[in-house]
Amino acid sequence: MQELEKFDTMQVIKGQQVNSALKADLFKCNKKINTTVTPTEPPQGTCPRSRLLNVTGPRVYTAGEYPGSYAYGAWGRDPRPEEGKESWYWLVMLTSSNIYAHYVRLYSSLSSLIIGVSVPGNVQIHSSNPTTNTIQGPNNVLYGGALYYNCYNQDYVCRFNLTTKSVTTLQLPKGTRYNSKGNFCHLEECYPYTDLDLATDESGVWVVYTTTQDFGNLVLSKLEEGETPVLGKTWRTSIYKRAVTNTFMACGVLYATRYINREVEEIFYSFNTVTGQERFNIGIFMNKMSTNIQSLNYSPVDQMLHAYCDSNMVSYKVLFG
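Source: prediction; values computed, not measured.

Some thoughts on the overall build of the chain
Looking only at helices and strands, the chain features three helices and 27 strands. Counting all 321 residues of the chain, 57% fall into the buried class. The long-range share in the chain, meaning contacts at least 24 apart out of those at least 6 apart in sequence, stands at 54%. Accessible surface for the chain amounts to roughly 12,900 Å². Of this, 49% is attributable to carbon and sulfur atoms.

So, in structure tokens, the structure goes:
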């Protein structure tokens, strides 16, 4: 049995199972707002030939090593891990002003992340924070042993190779909004420095952003693989970025979320990069463990959504059918 499955259908706080009454209440709420489905689950790392039907959970909920310390960050798994690192998890915490970071923290397993034992520990981008080519904003992903993120103070995507410790960069198109000018928002607030949202799915790495010439609507670009990131095909959508709280990719489809209330977030929008079809009526609801979701990453390895929520790490199961 894989390690993730040990924690399936439970929530964990610092390695302890949530009491059965709380668990029952959460799943009872989930049944009220989500349609019951019988999903088909594909082999790990493959793209199911079906549509996203539901998101259940939370399955894992942990404060990790630093409870309440860093409100903004991201975590997850590498969809294309190096040999011997298939069970590893990564974590980026914005340790300076809730905006900047200069290292990625690695864990050898899910249980290590939950109880807060980081082995092999930190991989540092630079000794200073912030400085050129360090991390700005929470929307980061790890793919193929490299961290992708918004470079400090630039409209660039940085790629940090965790093995060679080298950084390569890609400048986004002219007019790209950055430095907290193109954020994710809801009616009560915006999430600062969320201009660039990096995402992974079965096919690789994507970047979601907006530009002046697109009048604030979401723009999606595929990043071509390689030591230096290259901008591939680009799609333009009709959804306004400030009407969205987060995005993620699954099977070549862009999904967007919006804030409903302190307890619920909704996956309401999708854009299919194959057909060009936009949908505004997805209607999949997620139960939140805290008010805000600062970042949201999909893991095709195990069909999980990894959310970073007000310093807590939360995961949800994605169901296809």
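Quick word on unusual backbone geometry
The step from valine 119 to proline 120 runs through a cis peptide bond, and the omega angle for that step is 15 degrees. Along the polypeptide, proline 120 turns up in strand β8 (residues 120–124). Residue proline 130 is reached from asparagine 129 by a cis peptide bond, and omega for that bond is 0 degrees. Even without a glycine there, the phi angle at serine 311 is positive, about 80 degrees. Residue placement: serine 311 occurs in the loop between β26 (304–309) and β27 (312–320). The buried category is assigned to serine 311, whose relative accessible area is 6%.

Some words on the packing of aromatic side chains
Under the defined criterion, the tally for this structure stands at nine aromatic pairs. Residues tyrosine 100 and tyrosine 152 carry aromatic rings whose centres are separated by 5.4 Å and whose planes lie at 80 degrees to one another, so their mutual orientation is edge-to-face. Taken together, the positions of tyrosine 100 in strand β6 (residues 100–101) and tyrosine 152 in the loop between β11 (146–150) and β12 (156–161) put the pair 52 residues apart, joining distant regions of the chain. By relative accessible area, which is 15% here, tyrosine 100 ends up buried. Relative to tyrosine 193, the ring of tyrosine 100 lies with its centre 6.3 Å away and its plane at 55 degrees, an arrangement referred to as tilted. In this pair, tyrosine 100 sits in strand β6 while tyrosine 193 sits in the loop between β15 (190–191) and β16 (197–201), placing the two residues 93 residues apart along the sequence. The residues tyrosine 100 and tyrosine 193 share a single accessibility class, namely buried. The structure contains a cluster of three or more aromatic residues connected by ring pairs, namely Tyr100, Tyr152 and Tyr193.

A word on the sheet that holds strand β18 (residues 217–224)
The strand order across the open sheet formed by four strands is β16-β17-β18-β19, and the pairing between neighbours is antiparallel. At either end of the open sheet lies a strand with only one pairing partner, and these are β16 and β19 (230–240). With strand direction ignored, the average angle separating the axes of adjacent strands in the sheet is 25 degrees. By the bridge criterion, six bridges tie β18 to β19 in an arrangement that is antiparallel. The partner of serine 221 across the bridge, within β19, is threonine 234.

Observations concerning a nonpolar patch on the surface
The grouping of Ile115, Val117 and Val119 at the surface amounts to a nonpolar patch, some 240 Å² of accessible area in total. Locating valine 119 in the fold gives a position in the loop between α3 (110–115) and β8. With relative accessibility at 45%, the residue valine 119 sits in the partly exposed group.

As for the state of the cysteines
Evaluation of the coordinates by the stated rule reveals two disulfides. Note on cysteine connectivity: cysteine 151 is disulfide-linked to cysteine 158, with sulfurs 2.1 Å apart. Handedness here is read from the sign of the S-S torsion; for cysteine 151 and cysteine 158, about 125 degrees, the answer is right-handed. Of the two residues, cysteine 151 and cysteine 158, neither departs from the other in class, the shared state being buried. Sulfur-sulfur distance for the disulfide between cysteine 185 and cysteine 190 comes to 1.9 Å. An S-S torsion of about 100 degrees defines the bridge between cysteine 185 and cysteine 190 as right-handed.

Here is what the cut-offs are and how they apply
- Residues numbered from 1 in each chain as written.
- Predicted model: local features only at pLDDT ≥ 70, side-chain atom pairs only at ≥ 80, totals over all residues.
- Heavy atoms only, no water.
- Helix = DSSP H or I, 4+ residues; strand = E, 2+ residues; numbered from the N terminus.
- Buried < 20%, exposed > 50% of the residue type's maximum accessible area, 1.4 Å probe, protein only.
- Contact = heavy atoms within 4.5 Å.
- Areas by Shrake-Rupley, 256 points an atom, 1.4 Å probe, with all protein chains shown as cover.
- Phe/Tyr/Trp six-rings, centres within 6.5 Å; stacked < 30°, edge-to-face > 60°.
- Pairing = 2+ DSSP bridges.
- Axes fitted to C-alpha atoms, helices over the stretch in contact; angles between N-to-C directions.
- Patch = residues over 30% accessible without salt bridge, like charges linked within 9 Å, V, L, I, M, F, W, Y side chains within 5 Å.
- Salt bridge = Lys/Arg side-chain N within 4 Å of Asp/Glu carboxyl O.
- Disulfide = S-S within 2.5 Å.

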